[in-house]
Amino acid sequence: MKLNTIQTEVAEKTKSRDLYQKLKTGENGLQDSEAGQRLEYFGPNSLEEKKQSPLRKFLGYFWGPIPWMIEVAAGLSLVIRDWTDFIIIMVMLLFNAVIGFWQEYQADNALSALKEELASQARVKRDGQWQEIDARDLVPGDIIGLKIGDIIPGDVKLVKGDYLSVDESALTGESLPVDKQREDIAYSGSSIKQGEMQALVTATGNQTKFARTAKLVEGAGAPSHFQKAVLTIGDFLIYVSLGLAAILVLAQLIRGDSFLTVFQFVLILVVAAIPVAMPAVLSVTMALGALMLSKMKAIVSKLQSIEEIAGIDILCSDKTGTLTKNELTLGEPAVHGDEAPQDLILSAALASPLEDRDAMDQAVVQALEDREALKGFEQVEYTPFNPTAKRTQATVKDSRGQTFKVSKGAPQVIFKLCGLGSDEFSRARETVDEFAGKGYRTLGVARAEQGSDDWQFLGLLPFYDPPREDSAETIKQAREYGIQVKMVTGDNTAIGREISKQLGLSANIKSVEDIFPKGYQGQEKPDEATSRQIAATDGFAEVFPEHKYAIVKALQDRGHLVAMTGDGVNDAPALKQADVGIAVSGATSAAQSASSLVLTKPGLSVIIRAIEEARRIFERMNSYAIYRITETIRIMFFVVLAMIVFNFYPISTVMIILLALLNDLPIMTIAYDRTFLPPKPVRWEMKRVITVSTALGLIGVAETFLLLLIGKFWLGLPEGPLQSFVYLKLAVAGHMTLFIVRTKKPFWARPHPAPLLLIAIIGTQVVAALIVGFGFLVAPIPWLYVLYIWLYCIVWALIEDRAKLAIYEHIDLSGKRHQDFLKKIQKGLHAHIGT
């Protein structure tokens, strides 16, 4: 069969009679047999969805650098038959896999949700007869009937009937219904608000405009900065551990030690040094953060997005239903002559239908201060709006039995109906233009006595979608947190600028036609000039899904972490591509599924609370990362140094395992810690993290080696008690390091550690002291030495804290100098370009 679907852009420019020929069909529709052949040829009118088995998804969490690292640690434990370590490591591995799988299982169903937005039934003309069929059986060339309440099942050309009022907001983002007439195109997924027409199906399934949105959702997605950070930290620790282990093995074998003894010790040391608990600690921290956010009416569907929320520096906000209420509202009426505003509104309400009122009719009735006044009138006759007359008309009888006529409609039609003089016409036209400049849609209202064609012009009614009450405050708070807000809307530029003005945003709103090249389909990457213009623009109007997706991608390519809010199908691709997709309250299931954060409370204020909490969570994760690297460097460098210098094991294999257990397991309570709230977006600065942790780690090596010298030469401790002496120092100093790295201020400054974290750490310290004091699994040492070690660690904690402050001060000063240097270059370039 040599037949193709007609691209929507082509169908728009092609007359219906030519489309009939191209699609080999007619006004009576297809024969049933022909429709069956076409269904086989084109396939069902539904979205394709590639499904992966849940088992394969789950097993995927055991494949990758971090799982490999943990699996190697488990393998090493098996080699040396250390069943305790093996069980703990495997539990951590499974824990990470289960959490990751569950989050993905809950979130990764965007295409299924998109399907819910499509029509399930269609009224089609086949063999010259009307019949109901499943929408998935529709084919190009079918003739379908469309009426109020229907969801359009495919891309169609309207061929017969008066008009349709079509709600395309879920697809285009435009807040008001669009009037369609014969020869117009209507899109799959749009809904009919008024009217009844017949249409020719030009495209179905994956060829529709709706399907392009689905394809963008399928291909969208930004890599997680959290995953990159964990990989960087893991790689650093593995390289350090393996490098030092190789040096140690080589040194001890040269000295003639037993290969088995050295190998066993080094394996346990490496297992303890590799951060097997790191993914689990970070996952628990994020999971508890997600629970806290849910209490704030913000549901996290992807755990890793918490870290992304903390770092967003641009918020691309959909206008309709997000910044605005998505409720058509009547503005301040412009009355003509001595007409009172409420009388003007009452006349417009009387010129509205009694049932099946559209958004404008509802807005008029809602604006009446006394709705009971309508009960004093009887609507004798009503003529609905149609695209030809472009006005409604009603014959009304009042409580005194007097009859009159009222009409409302397009201003130019009402002006002509009333026969306005040149001066009156000019003034009224200026008012309409003024409203249009603000993006308002305007209706004219007129009245005439029964039997008279002398219509009296009453005035003009402006309609707009008002901002939410909390939007302006939310935007102000976002700016205070270092976040730039960009409006993205399907409405025209005038509406965008007016709403921006009301919300305190910049009026630098541009139509996408002024930014993107003509015919842009969203598949190709925006060029540098377009990308630069996107970054410089504060808002975008007349946007389609492919533009939203490209806007987010262009900003990401310029190094920004981007959040995108939205509520419709049209937002889904950009929501999924964004670092943080935020589905606002009342969003479609398609938008929710593509998002990483779903709001269940109206308004945007909850976003600010989510950002605050996410930044606190990030600080906890950052503290743990610095702590873990510091401890690995401290233990590995110290053990290797001590063995090379003194040729003895400074701690035993049992002590290494005890250190790993007593340090990592209670450290999970860091998820409950109180933290400083950063005022600006935060990101993983790996250079900063590794610099601070390496410096603190090396200080720790020096202090531990000094204690070893004190124990060996001053106190004269034999090997067993000396190992216990060193072990207790490593256990106490480790948790003191956490107190130091959890804040960039002096460690005693507010906010103080959370009670649960303090209890966990003090509890493990008591256990460590009891182990060495009573000699459980290790050689005992005097209780006085336990006290000495505590005092020694406290003194060194003060030294480490001062060093930490000096390092941060140096890093911040270097960063400021670098920024000042870049600003000077930028200023010079602007001056050069200006000349």
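Residues numbered from 1 in each chain as written. Predicted model: local features only at pLDDT ≥ 70, side-chain atom pairs only at ≥ 80, totals over all residues. Heavy atoms only, no water.

Asker: Can you lay out the overall build of the protein chain for me, pointing to particular residues and giving the numbers?
Answerer: Looking only at helices and strands, one finds 30 helices and 22 strands in the protein chain. Put simply, the protein chain has 835 residues, and 55% of those count as buried. Here the analysis covers contacts within the protein chain between residues at least 6 apart in sequence; of these, 74% occur between residues at least 24 apart. Accessible surface, the protein chain as shown: approximately 36600 Å² in total, 56% of it carbon and sulfur. (Helix = DSSP H or I, 4+ residues; strand = E, 2+ residues; numbered from the N terminus. Buried < 20%, exposed > 50% of the residue type's maximum accessible area, 1.4 Å probe, protein only. Contact = heavy atoms within 4.5 Å. Areas by Shrake-Rupley, 256 points an atom, 1.4 Å probe, with all protein chains shown as cover.)

Asker: Account for the side chain of Ser-724, naming residues and giving values.
Answerer: With respect to the helices and strands, the residue Ser-724 is situated in helix α28 (residues 719–741). With a relative accessible area of 0%, Ser-724 lands in the buried category. Of the polar contacts made by the side chain of Ser-724, one reaches the backbone oxygen of Ala-779; its length is 2.5 Å. (Polar contact = N/O pair within 3.5 Å; in protein donor to acceptor, adjacent residues only side chain to side chain.)

Asker: Can you lay out the sheet that holds strand β22 (residues 597–599) for me, pointing to particular residues and giving the numbers?
Answerer: The sheet built from 8 strands is open, its strands ordered β8-β22-β21-β20-β9-β17-β19-β18 with mixed pairing. For this open sheet the edge positions go to β8 (298–300) and β18 (509–511), each flanked by a neighbour on one side alone. Strand-to-strand twist across the sheet, computed as the mean angle between neighbouring axes with direction ignored, equals 20°. Taken together, the 3 bridges between β8 and β22 define a ladder with antiparallel strand orientation. In the sheet register, Ala-298 faces β22, and the bridge partner there is Leu-599. Running over the sheet, helix α20 (residues 493–503) touches β17 (484–488), β18 and β19 (539–541) and is turned about 165° from β18. (Pairing = 2+ DSSP bridges. Axes fitted to C-alpha atoms, helices over the stretch in contact; angles between N-to-C directions.)

Asker: Which residues make up the confidence of the model for the protein chain, and what values do they have?
Answerer: Detailed reading of the predicted coordinates is not advisable wherever pLDDT falls low. Per-residue confidence for the protein chain gives a mean pLDDT of 81; residues scoring 70 or more make up 83%. Element-level mean pLDDT values for the protein chain span from 44 in helix α7 (residues 110–116) up to 95 in strand β14 (residues 403–409). A low-confidence stretch, residues 106–115 (pLDDT under 50), is modelled with 25 contacts involving residues beyond four sequence positions or located in other chains. (pLDDT = per-residue confidence, 0-100.)

Asker: Quick rundown of the pattern of salt bridges? Include the residues and the values.
Answerer: Taken as a whole and assessed by the stated rule, the structure comprises 27 salt bridges. Asp-398 is the partner of Arg-400 in a salt bridge, and the nearest nitrogen-oxygen pair spans 3.6 Å. Judged by its relative accessible area of 68%, Arg-400 falls in the exposed class. Connected via shared salt-bridge partners are Glu-631, Arg-634, Glu-703, Lys-729 and Glu-800. (Salt bridge = Lys/Arg side-chain N within 4 Å of Asp/Glu carboxyl O.)

Asker: I'd like to hear about the packing of helix α25 (residues 605–646) against helix α27 (residues 686–714), residue by residue, with values.
Answerer: Orientation of α25 relative to α27, taken along the N-to-C sense of each, is 40°, at an axis distance of 7 Å. Compared by their axis directions, α25 and α27 come out oblique. As α25 packs across α27, the resulting crossing turns out to be right-handed. Of the residues in the contact of α25 with α27, the class split is 19 nonpolar, 7 polar and 3 charged. (Parallel < 35°, antiparallel > 145°, perpendicular 65-115°, else oblique. Left-handed = near helix turned anticlockwise from the far one by under 90°. Nonpolar A, V, L, I, M, F, W, Y, C, P; charged D, E, K, R; others polar.)

Asker: Explain the nonpolar core to me, using residue names and the numbers behind them.
Answerer: By size, the foremost hydrophobic cluster in this structure holds 65 residues, and its most contacted members are Ile-306, Ile-582, Leu-597, Leu-599, Trp-684 and Leu-738. Beyond its immediate chain neighbours, meaning those up to four positions away, Ile-306 contacts Met-286, Gly-289, Ala-290, Leu-293, Val-300, Ala-614 and Ile-617. Residues Val-262, Phe-648, Leu-662 and Val-786 belong to the second largest nonpolar core, which totals 51 residues. (Core = buried A, V, L, I, M, F, W, Y, C linked by side-chain atoms within 4.5 Å.)

Asker: Give me the lowdown on the packing of aromatic side chains, citing residues and values where you can.
Answerer: Under the definition given, this model contains 16 aromatic pairs. Centroid distance Phe-725 to Tyr-785: 5.9 Å. Interplanar angle 75°. Geometry classified as edge-to-face. Of the two residues, Phe-725 is situated in helix α28 and Tyr-785 in helix α30 (residues 783–834); the sequence distance between them amounts to 60 residues. As far as the burial class goes, Phe-725 and Tyr-785 line up, both buried. Following the ring pairs from residue to residue traces out a cluster consisting of Phe-415, Phe-425 and Phe-457. The ring centre of Trp-455 lies 5.8 Å from the NZ or CZ of Arg-391, which sits over that ring. Sitting over the face of the ring of Phe-404, Arg-447 holds its NZ or CZ atom 3.8 Å from the ring centroid. (Phe/Tyr/Trp six-rings, centres within 6.5 Å; stacked < 30°, edge-to-face > 60°. Lys NZ or Arg CZ within 6 Å of the ring centre and 35° of its normal.)

Asker: Give me helix α18 (residues 422–437): which residues, what numbers.
Answerer: In a regular helix each residue adds 1.5 Å, so 16 residues correspond to 22 Å; α18 covers 22 Å between its end C-alpha atoms and thus fits that length. Among all positions in α18, only Ala-428, Val-432 and Phe-435 are buried. Projected down its long axis, α18 carries its buried residues within an arc of 60°, all on one side. Across α18 from its buried face, at more than 90 degrees, point the exposed residues Ser-422, Asp-423, Arg-427, Glu-430 and Gly-437. In this fold, the buried residues of α18 make contact with β11 (334–335), α17 (411–418), β15 (441–449) and β16 (456–464). (Expected span 1.5 Å × (residues − 1). Arc of directions from axis to C-beta.)

Asker: Give a detailed account of the pairing of strand β13 (residues 391–397), specifying residues and quantitative values.
Answerer: Counting buried residues in β13 gives 5 out of 7 residues, a clear majority hidden from the surface. One ladder, built from 5 bridges, connects strand β12 (residues 378–383) with β13; its direction is antiparallel. Residue Glu-381 lies in a different strand from β13, and its bridge partner there is Thr-395. Where β13 and β14 come together, 7 bridges link them in antiparallel fashion. Paired with Thr-392 across the two strands is Lys-408, which belongs to β14. Between β13 and the antiparallel strand that follows it, β14, lie 5 residues; Gly-401 among them carries a positive phi value of about 85°.

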